[in-house]
Amino acid sequence: MSNLTIVRKHAGKEEGIGSIWRLSQKNAWFWRWRLFTVAAVISLSFTLFTLYGAFMDGVASSGLARTEGLSTKYYDVLVIPPPNKTIKDRDELPMPKYQRKIFGVGEAAVGLFADSRTGSISLLGIQSDSAFFDFVTEELQGCRLKQQGEALLPSSYAKRSNLHPGDLFSCSRLEQNVRRNLTLEVVGIYHDDSALAPALISIDDAYSLQALPVANRYLINYDRNSKDGNLPNLVEWMASTYPGALLICDDLPHIISQSLLSRILLPSAGLLVLFFIFMCVGILTVALMTFLERRKELAALKSCGITNKQVGILLSMEYVYSAMAGFGLGLIMVGAISYRLMQLDIASIDSVISYGLQAGVITILVLCLAVLFPTLTARAATVSQLLFARVIPLKTTHINSLPNQESWLVLRERQDNVRILRFPLAEQVSGFLVFKQVGDMVKQGEVVVTYEGVWGMHLIEWSALCDGRVSEITPGGILVIEPDDPHTPYYPYPEMIIQREQERIDRIEQGRQAAREERSRDM
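Counting of residues starts from 1 at the beginning of each chain's written sequence and follows it residue by residue. Per-residue local features are limited, in this predicted model, to residues with pLDDT of at least 70; the limit for side-chain atom pairs, both in listing and counting, is 80 or more; totals at the level of whole chains, interfaces and linings are taken over all residues. Water and hydrogen atoms were dropped before computing side-chain values, which therefore reflect all heavy atoms in the structure.

Participant: So what's going on with the overall build of the protein chain? Residues and values would help.
Facilitator: Here a strand is any run of E in DSSP of at least two residues, a helix any run of H or I of at least four, and the numbering for each starts at the N terminus. A count of helices and strands for the protein chain gives 13 helices and 18 strands. Summarising the internal contacts of the protein chain: among those between residues at least 6 apart in sequence, 72% fall at separations of at least 24. For the protein chain, the accessible surface area stands at approximately 29400 Å², while carbon and sulfur atoms represent 58% of it. Any two residues having at least one pair of non-hydrogen atoms within 4.5 Å are treated as being in contact. The protein chains shown are the only cover counted for residues, whose accessible areas, like all others here, come from Shrake-Rupley with a 1.4 Å probe.

And the structure:
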């Protein structure tokens, strides 16, 4: 009790805080097992969130790292529009988002599959002066396309078909029950072993293999000289220009892998949220149980002179000790387990730090939210409420006048020299308690009616404005008090309210008088 005496004696702020701090240390030791439970819940949630998040991030990073990109070194994006969709001219393209200058070079082409003696082969018809497929000498055996009747084969197909520059290359295509044949001279072989490498032919030769001579491919390079030009922006633009189109680029496998991984790992995000829901419920349960057991202790503290503010500080300090212990224990567990995970190359130090910071911030917010209700309840409770286990409201509203300032009731106060309180229909609404009956005496400030709303968290009290006697209580919620002293001052309502009500009564009386005079004339 020495600390309580210090708190009561010293009015200085520093002395009061020092006493509260010393008292919080004693309470923390007395309630150590409860506070240790809070610390354990914090450390467990912090550790699970950090390690699980880092582990899933490592799984996603590992999956993306094992995804190989496509070999599209001759163009940045290949647009394959849906069936029955034509390629738009550059002038017809909509403006890109944010007006970015990202378009470099674009060219229409024809892509199709044809049959050859060694199986199906992908053909791409391009312009003779195409800005794409600009091969270097080391990659090209022979020469580039110059005219119709020529073909430039990828090394993978040429090796499989045993073709060399100067040989003839034959292919055919069945479309609409019509077989179209084409024989071309192999003028060159370029080095590309990827599955997407096409045989290059003239665009006119490609038209001859189609029933409709229309372009169905679009080759694009982005503007590398523009600071806003980059591949993601170009892909975004083409996706909005050609809805449903297939966009082939170097990062296509990574984009698909990332999308699949996001869908696969989506439930894990919900699990991370469950960690903190578990923490919030656990801490709130422990905090409420501890508060209920400490009712008499808190009542004694308030009786000894500790203010509501100091009670809030005291409880907050105790939970700060729990949070510090929980974070310390959690950091030790994360450090020990994450070291093993990094040895197994399952998680990275960056992801552990990132998720650790997120877990720290969220843990602090959840802890504050969980202990807010018990702390506010302890602050707002009175000694009697704590001792006799009464409902403890978080907010109390005191009313000693007419809240809506009804003009007719204000005028009645002046005319009858009474004081009037009005509350909702007490007999029809649960939660109301009327402590007085007609004829009972009341004192100034005495509570005569109460109402507990929002599950008891909001208490509304109507108190008497003067000493007197209750002369009337109506079912409509009007309580009239006759003051003992006729000269007791009225509540300072605005005078215009009384004037407006008097004018309304005068108009009504004038109307009644006019009606009476008219009836008398008729008779």
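Having seen the model, we can carry on.
Participant: Describe the packing of helix α12 (residues 407-416) against helix α13 (residues 495-522), with residues and values.
Facilitator: Axes here refer to lines fitted to C-alpha atoms; in helices the fit is confined to the stretch in contact. Angles between the N-to-C directions go from 0 to 180 degrees. One can describe the packing of α12 onto α13 by two numbers: an axis separation of 9 Å at closest approach and a directional angle of 95°. With respect to α13, the axis of α12 lies roughly perpendicular. Within the contact between the two elements, α12 uses Ser407, Trp408, Val410, Leu411, Arg414 and Gln415 and α13 uses Glu495, Ile497, Ile498, Glu501, Gln502 and Ile505. Residues are sorted three ways: Asp, Glu, Lys and Arg are charged, Ala, Val, Leu, Ile, Met, Phe, Trp, Tyr, Cys and Pro are nonpolar, and all the rest, Gly among them, are polar. A class-by-class count of the residues in the contact of α12 with α13 yields six nonpolar, three polar and three charged. Note that the term roughly parallel is reserved for angles under 35 degrees, roughly antiparallel for angles over 145, roughly perpendicular for angles of 65 to 115, and oblique for everything else.

Participant: Tell me about empty space enclosed by the protein, and please be specific about residues and values.
Facilitator: The pocket and cavity definitions rest on a 1 Å grid over protein atoms only: a 1.4 Å probe that fits but cannot leave marks a cavity, an open set with protein on both sides within 12 Å along at least five of seven lines marks a pocket, and residues lining either have an atom within 4 Å of a point. Grid points are joined across faces, edges and corners, and a volume is the space filled by probe spheres set on the points. Counted under the stated rule, the structure contains five cavities of 30 Å³ or more. Considering only enclosed or pocket space, the largest cavity measures out at about 70 Å³ in volume. Lining of the largest cavity is provided by Ala287, Thr290, Phe291, Arg294, Leu298, Leu315, Tyr319, Pro374, Thr375 and Ala378. Mapped onto the lining of the largest cavity, the elements with two or more residues apiece are α7 (252-293), α9 (308-343) and α10 (349-380). In terms of residue class, the lining of the largest cavity is built from seven nonpolar, two polar and one charged.

Participant: Can you break down the layout of surface pockets residue by residue, with the values?
Facilitator: Regions of empty space are outlined by a rolling probe, equal in size to a water molecule, passed over the atoms. Estimated volume of the largest pocket: approximately 320 Å³. Lining the largest pocket are 17 residues, with Pro83, Asn84, Gln210, Val214 and Asn216 sitting closest to its centre. Here the residues of the lining of the largest pocket are counted per class, giving eight nonpolar, five polar and four charged.

Participant: Which residues make up the sheet that holds strand β17 (residues 468-473), and what values go with them?
Facilitator: The criterion for strand pairing is that DSSP finds at least two bridges linking the strands in question. In space, the four strands of this open sheet follow the order β12-β18-β17-β14, with antiparallel pairing throughout. With one partner strand each, in any of the chains shown, β12 (419-422) and β14 (441-442) form the two edges of the open sheet. Relative to β17, β14 runs antiparallel, the two sharing two bridges. Pairing of Met441 across the sheet is with Arg469, part of β17.

Participant: So what's going on with the pairing of strand β8 (residues 199-202)? Which residues, and what values?
Facilitator: Two strands pair when backbone bridges link them, and strand β3 (residues 119-126) and β8 are joined in this way by four bridges, in the parallel orientation. Paired with Leu123 across the strands is Ala199, a residue of β8. With two bridges connecting them, strand β5 (residues 150-154) and β8 associate as antiparallel partners. Across the sheet, residue Leu152 finds its bridge partner in β8, namely Leu200.

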